[in-house]
Amino acid sequence: MESMEKRAHILVVDDEQAIADLVVNLLVAEGMDALACYSGQAALDMLARTPFDLAIVDIMMPGIDGFELCVRARQMRDIPVIFLSAKDEEADQVVGFTLGAEDYVTKPFRPRELVARVKARLRRRAAAPAPADATLITAGAIEVDLRTHLATLHGEPLHLTPKEFAILALLAQSAGSPVSAADLFEGAWHERFDDAAANTVMVHIRRLRKKLADIDASTAFIETAWGVGYKLRGGPGADVYGA
């Protein structure tokens, strides 16, 4: 007699305990194993000890929010992420997918729809595991791997903070075209842009330029498009695989 199919192991992360517990109960009723964490830090501690097949993550959490959790979790494990959030703006969804999320579900959600999306992601992953270079963005000599959250220049690793990585990823996806400071800020910080935010972006761009120059000072990889924003050298031929 064949052994029973392995039960999917799901991590649910939401600072609203009632919602996290509701999602766990929905998944358990569908024959999955599910565990709730009520903060980003608790989720990271759990991921360090336990492998999961998929994580369902809220975005708006105090401390380590969902976007930062996604970045740090993917550095630890190759785990699919579904964002579950009350934020339904297109910019937030773009950031979520840029960070490597598999899906984005807005609150309030329909229980059957959420369960169906979880099952679909699990089936897709089981049937066709992503190749190593899926979600690899190449912009000239710069490569940004959205799955592993690693960035390199000429093959040498760039040691970036989560915000620096998010900015570089946004620039790389638009390589050859300028990205406004507002889009960079809202994409990396997921907060409303204002005058103070423009300075924050400028400081992070300066740090990114320095880290790039530490590897190759012969080229200005991040250019200022005056009155528009910033753009990454790499031109229209930059490639995105598995997008």
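Please read all numbers here as calculations on a predicted model, not as lab measurements.

Chemist: I'm lost on the overall build of the protein in this one. Help?
Modeler: In terms of helices and strands, the protein carries eight helices and twelve strands. Counting only residues that meet the buried cut, the protein has 46% of its 243 residues in that class. Contacts in the protein between residues at least 24 apart in sequence constitute 60% of all its contacts with a sequence separation of at least 6. For the protein, the accessible surface area stands at approximately 12,300 Å², while carbon and sulfur atoms represent 53% of it.

Chemist: It is not clear to me how helix α7 (residues 181–189) should be interpreted in this structure. Could you clarify?
Modeler: Turning to α7, its buried residues are Ala181, Leu184, Phe185, Gly187, Ala188 and Trp189. Downstream of α7 by a residue or two, His190 has a phi angle that is positive, lying close to 45°.

Chemist: Just checking my understanding: could you explain the packing of aromatic side chains for this structure?
Modeler: The description of an aromatic ring pair rests on the distance of the ring centres and on the angle between the ring planes. Under the defined criterion, the tally for this structure stands at four aromatic pairs. Geometrically, the ring pair formed by Phe67 and Phe83 is edge-to-face, given 5.2 Å between the ring centres and 90° between the ring planes. With Phe67 in helix α3 (residues 66–76) and Phe83 in strand β4 (residues 81–85), this pair connects stretches of sequence that are 16 residues apart. Overall, Phe67 belongs to the buried group, its relative accessible area being 3%. Phe83 gets classed as buried once you look at its relative accessible area, which sits at 0%. Taking 6.2 Å as the distance between ring centres and 65° as the angle between the ring planes, the aromatic pair formed by Phe185 and Phe193 counts as edge-to-face.

Chemist: Just checking my understanding: could you explain the nonpolar core for this structure?
Modeler: Across soluble globular proteins, you tend to see nonpolar side chains buried next to one another. In this structure, Val144, Leu168, Leu171, Leu184 and Leu232 are the most contacted members of the largest nonpolar core, which totals 32 residues. Elements supplying a minimum of two residues to this core: β6 (136–139), β7 (142–145), β8 (150–153), α6 (162–173), α7, α8 (195–215) and β11 (229–232). Looking at this core element by element, the count peaks at eight residues for α6. Sequence-distant contacts of Leu168, that is, excluding residues within four places in its chain, are made with Ile142, Val144, Ala151, Leu158, Leu160, Leu208 and Leu232. With 25 residues, the next largest nonpolar core counts Ala43, Leu44, Phe52 and Val95 among its residues.

Chemist: Would you mind going over α8 with me for this structure?
Modeler: Residues that lie three or four places apart on an α-helix share one face, since the helix turns once every 3.6 residues. The first and last C-alpha atoms of α8 sit 32 Å apart over 21 residues, in line with the 30 Å expected at 1.5 Å per residue. Along α8, the residues classified as buried are Ala197, Val201, His204, Ile205, Leu208 and Leu212. Take α8 and look down its axis: the buried residues cluster within an arc of 110°, on one side only. Across α8 from its buried face, at more than 90 degrees, point the exposed residues Asp195, Ala196, Lys210 and Asp214. Here α8 starts with a cap whose side-chain oxygen sits 3.2 Å from the backbone nitrogen of Ala196, and that cap is Asp194.

Chemist: Would you explain the sheet that holds strand β2 (residues 33–37) in this entry?
Modeler: Working definition: the strands of a sheet are paired by backbone hydrogen bonds and lie parallel or antiparallel to each other. One open sheet accounts for five strands, arranged β2-β1-β3-β4-β5; its pairing is parallel. Whereas interior strands pair on both sides, the edge strands pair on one side only; in this sheet they are β2 and β5 (103–106). Here the strands of the sheet are splayed against their neighbours by 20° on average, with no regard to which way each runs. Note that strand β1 (residues 9–13) and β2 share five bridges and pair parallel. Opposite His9, over in β2, you have Asp33 as the bridge partner. Sitting on the sheet, α3 touches β1, β3 (54–57) and β4, and the angle it makes with β4 is about 170°.

Each value, and the rule that gives it
Residues numbered from 1 in each chain as written. Predicted model: local features only at pLDDT ≥ 70, side-chain atom pairs only at ≥ 80, totals over all residues. Heavy atoms only, no water. Helix = DSSP H or I, 4+ residues; strand = E, 2+ residues; numbered from the N terminus. Buried < 20%, exposed > 50% of the residue type's maximum accessible area, 1.4 Å probe, protein only. Contact = heavy atoms within 4.5 Å. Areas by Shrake-Rupley, 256 points an atom, 1.4 Å probe, with all protein chains shown as cover. Phe/Tyr/Trp six-rings, centres within 6.5 Å; stacked < 30°, edge-to-face > 60°. Core = buried A, V, L, I, M, F, W, Y, C linked by side-chain atoms within 4.5 Å. Expected span 1.5 Å × (residues − 1). Arc of directions from axis to C-beta. Polar contact = N/O pair within 3.5 Å; in protein donor to acceptor, adjacent residues only side chain to side chain. Pairing = 2+ DSSP bridges. Axes fitted to C-alpha atoms, helices over the stretch in contact; angles between N-to-C directions.

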